[in-house]
Amino acid sequence: MPQEYRLILKYADQPGYTPDIECYLRNGGYEALKKGLSLPLKTLPDGKTVTASVQIRDEVMKSGLRGRGGAGFSCGLKWSFVDRKSGKPIYLICNADESEPGTFKDKQIIHKDPHQMLEGMILACFANDVHLAYIYIRGEFMEGAKILERALQEARAKNFLGKNIFGTGYELEIYVHRGAGAYICGEETGLIESLEGKRAYPRIKPPYFPAVLGLYMCPTIVNNVETLCAVKHIVAMGALEYAKLGTPNNTGTRIVSISGHVKKPGYYEVEVGKVTIGELINDPAFGGGLRDGRKLKALIPGGSSAKVFKAGEKFKLKRKGPDGKDVEKEFDMLDLPYDFDSLIGAGSMSGSGAMIVLDDSTDIVKALANISEFYAHESCGQCTPCREGSLWMSKALHRLTHGQGRKNDADYLIKIADNIPGGRTICAFGEACSWPVQSFVGKFKDEFVAKGAADEERNAKATDAPQAEHFAVASRANR
Ligand SMILES: Cc1cc2nc3c(=O)[nH]c(=O)nc-3n(C[C@H](O)[C@H](O)[C@H](O)COP(=O)(O)O)c2cc1C
Ligand code: SF4
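Below is a short write-up of the structure. (Residues numbered from 1 in each chain as written. Chains lettered and ligands numbered in written order. Predicted model: local features only at pLDDT ≥ 70, side-chain atom pairs only at ≥ 80, totals over all residues. Heavy atoms only, no water.)

### Quick word on the overall build of the protein chain
- The number of helices and strands found in the protein chain is 17 helices and 16 strands.
- A globule of 479 residues ought to have a C-alpha radius of gyration of about 23 Å, and the protein chain, at 25 Å, matches this closely.
- Taking all 479 residues of the protein chain together, 54% fall into the buried category.
- In the protein chain, once contacts between residues fewer than 6 apart in sequence are set aside, the share between residues at least 24 apart is 68%.
- Mean positive and mean negative side-chain charge positions of the protein chain (63 and 59 charges, respectively) differ by 2 Å. (Helix = DSSP H or I, 4+ residues; strand = E, 2+ residues; numbered from the N terminus. Rg over C-alpha atoms; globule rule 2.2 N^0.38 Å. Buried < 20%, exposed > 50% of the residue type's maximum accessible area, 1.4 Å probe, protein only. Contact = heavy atoms within 4.5 Å. Lys, Arg positive; Asp, Glu negative; His and termini not counted. Charge placed at Lys NZ, Arg CZ, Asp CG, Glu CD.)

### Here we look at the packing of aromatic side chains
- This model, assessed by the stated rule, comprises 15 aromatic pairs.
- Ring plane angle 85 degrees and centroid distance 5.3 Å describe the contact between Y24 and Y30, whose orientation is recorded as edge-to-face. Y30 shares its class with Y24; the two are buried.
- On the basis of an interplanar angle of 80 degrees and a centroid distance of 5.0 Å, the ring pair of F374 and Y375 is categorised as edge-to-face.
- An aromatic cluster is defined as three or more aromatic residues linked by ring pairs; in this entry it consists of Y24, Y30, F160 and F166.
- Stacked on the ring of Y208, the Lys or Arg R203 has its end atom at 5.8 Å from the ring centre. (Phe/Tyr/Trp six-rings, centres within 6.5 Å; stacked < 30°, edge-to-face > 60°. Lys NZ or Arg CZ within 6 Å of the ring centre and 35° of its normal.)

### Some words on the site of ligand 2
- Surrounding ligand 2, one finds 13 residues, the nearest of these being C380, Q382, C383, C386 and C427.
- The residue inventory of the shell around ligand 2, partitioned by class, reads eight nonpolar, five polar and no charged. (Near = heavy atom within 4 Å. Nonpolar A, V, L, I, M, F, W, Y, C, P; charged D, E, K, R; others polar.)

### Some points on the sheet that holds strand 6 (residues 170-178)
- Spatially, five strands are ordered 5-6-4-3-7 in an open sheet, and the strand pairing comes out mixed. At either margin of the open sheet sits one strand with a lone partner, and together these are strand 5 (162-165) and strand 7 (220-224). Put simply, the sheet's adjacent strands are angled 25 degrees from each other on average, direction ignored.
- Across five bridges, the pairing between strand 3 (residues 90-96) and strand 7 is parallel. Residue N95 lies in a different strand from strand 7, and its bridge partner there is N224.
- Most of the contacts of helix 9 (residues 225-237) go to strand 7, to which it runs at about 95 degrees, and overall it touches strand 3 and strand 7. (Pairing = 2+ DSSP bridges. Axes fitted to C-alpha atoms, helices over the stretch in contact; angles between N-to-C directions.)

### Some remarks on the pairing of strand 3
- For strand 3, a buried count of seven out of seven residues is recorded, marking the element as mostly surrounded by other parts of the structure.
- The alternating pattern of strand 3 places I90, L92, C94 and A96 and Y91, I93 and N95 on opposite faces, both of which are buried.
- Where strand 3 meets strand 4 (residues 130-137), seven bridges bridge the pair, whose relative direction is parallel. When the sheet's bridge partners are listed, C94 is paired in strand 4 with I135.

### Some thoughts on helix 9
- With 13 residues, helix 9 extends 19 Å between its outermost C-alpha atoms, agreeing within 8% with the 18 Å of an ideal straight helix rising 1.5 Å per residue.
- For helix 9, the tally of buried residues reaches 11 of 13 residues, placing the bulk of the element in the interior.
- What helix 9 keeps buried is the set V225, E226, T227, L228, C229, A230, V231, K232, H233, I234 and V235.
- In this structure N224 caps helix 9, since a side-chain oxygen of it lies 2.9 Å from the backbone nitrogen of E226. (Expected span 1.5 Å × (residues − 1). Polar contact = N/O pair within 3.5 Å; in protein donor to acceptor, adjacent residues only side chain to side chain.)

### A closer look at the side chain of D106
- Of note, D106 is situated in helix 5 (residues 106-112).
- Among the residues examined, D106 registers a relative accessible area of 2% and is labelled buried.
- One polar contact links D106 to N224, side chain to side chain, over a distance of 2.9 Å.
- Not counting chain neighbours up to four residues away, the residues in contact with D106 comprise N95, E98, N224, V225 and E226.

### Details of the side chain of S434
- With respect to the helices and strands, S434 occurs in helix 16 (residues 429-443).
- Within polar-contact distance, the side chain of S434 engages the backbone oxygen of G430 at 2.6 Å.
- Ignoring anything within four residues of it in the chain, the contact list for S434 reads M393, A417, I420 and P421.

The following block contains the structure:
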């Protein structure tokens, strides 16, 4: 029987567990910080010694932790790109924007266990020689911002922040920065611009890789809330124990937000790759199945920008055979393990870990119109393909859902969507707005064509009728 594995959410929903520091300390809070900061110098076989900071960075690399914000990039590798020789300060930013539609996991951590996030963040700062860090929280999370401000005050009062933390001489300050509530503020370079007090216009990479030219043009690490929580557990349990959770190359746990047409929408923490999509939708431990009498129609597996899966789709993925060699294995969509690599292999992504379940009552054209309207609204407008393309797609979908569709709208949508991504835009929003259109229209084309054709036929008849009437009236008047 598949079950949740609660590591980050271990205490979050337990009766009597509160977000205050005393409760966190009673449950072993800040022990990992103490351990991490007081690691003795380690002597390597070649006689070199490594500091506590370097040891933590090594542990994070060994743990295999992949970012939980969307791209699933190796956290250890990201940290290794930080320019440590520039002589400039290094900054760390916790990305608490949680703007991908369908995602509601970071909010749970912030509301229910804010000190866990702070502990992970302080460890990540210590490991990377950071002395000033920010939590960038989306504007709408007013309560979350208040909770974090209070948690920071509590941490300062206990000297987990400030000068000479745990008597080690290490100094750190963290501030909360509230965004103004735009999706693009979640994109790391847009976020940095916004933190600098400007419009959240993403920066072009190269040259503006945050690890080299980030906040105030200094080396900067941007990590998601959940990723930083995982750092605390890696230090607490050790990289090797952490890496035993999950599956190879997809280690640890992750929190999946399940929404849509399931009986038990909610957030569920699982070992990465140990649970399938079908189990997450149907098992009583998770989504609890579809609403009575309904069948699955589609699934968006990783937040609204992820490519949609159609019920019944099959995928061929590479798996290790008994002799260690790669063999191709066929998977039904429901049997795909919920991990980074399997979902990429199936042509989509686990993204921010947000599964949106659509049953057979869903009007697929309306669903896509809704998603596209969001992306057209949220494009920052810097790049022509994204600014114009997202709007054209949204307009075509608007007419398709308002009785004004055309038979060739499906092809028109695909043509636009194919011309936005692939290096034509500054940031990955270009992909984010195109992937839903490419996949929805590509996989449910008949529904788009049928709707457009029906509109065209009905409207042609409707315009013929008044025109005939108009000519009759005009010829009577001319007599
Ligand atoms: C349009 C767009 C929106 C994004 N929104 C978020 C977000 O709300 N939260 C987040 O953590 N990452 C978001 N990301 C990913 C970030 O740019 C960045 O990769 C992430 O915060 C890195 O953290 P991680 O390595 O811990 O995953 C977004 C990316 C794009 C392209
Ligand atoms: S891709 Fe879109 S959101 Fe990203 S910078 Fe260009 S216009 Fe802005």
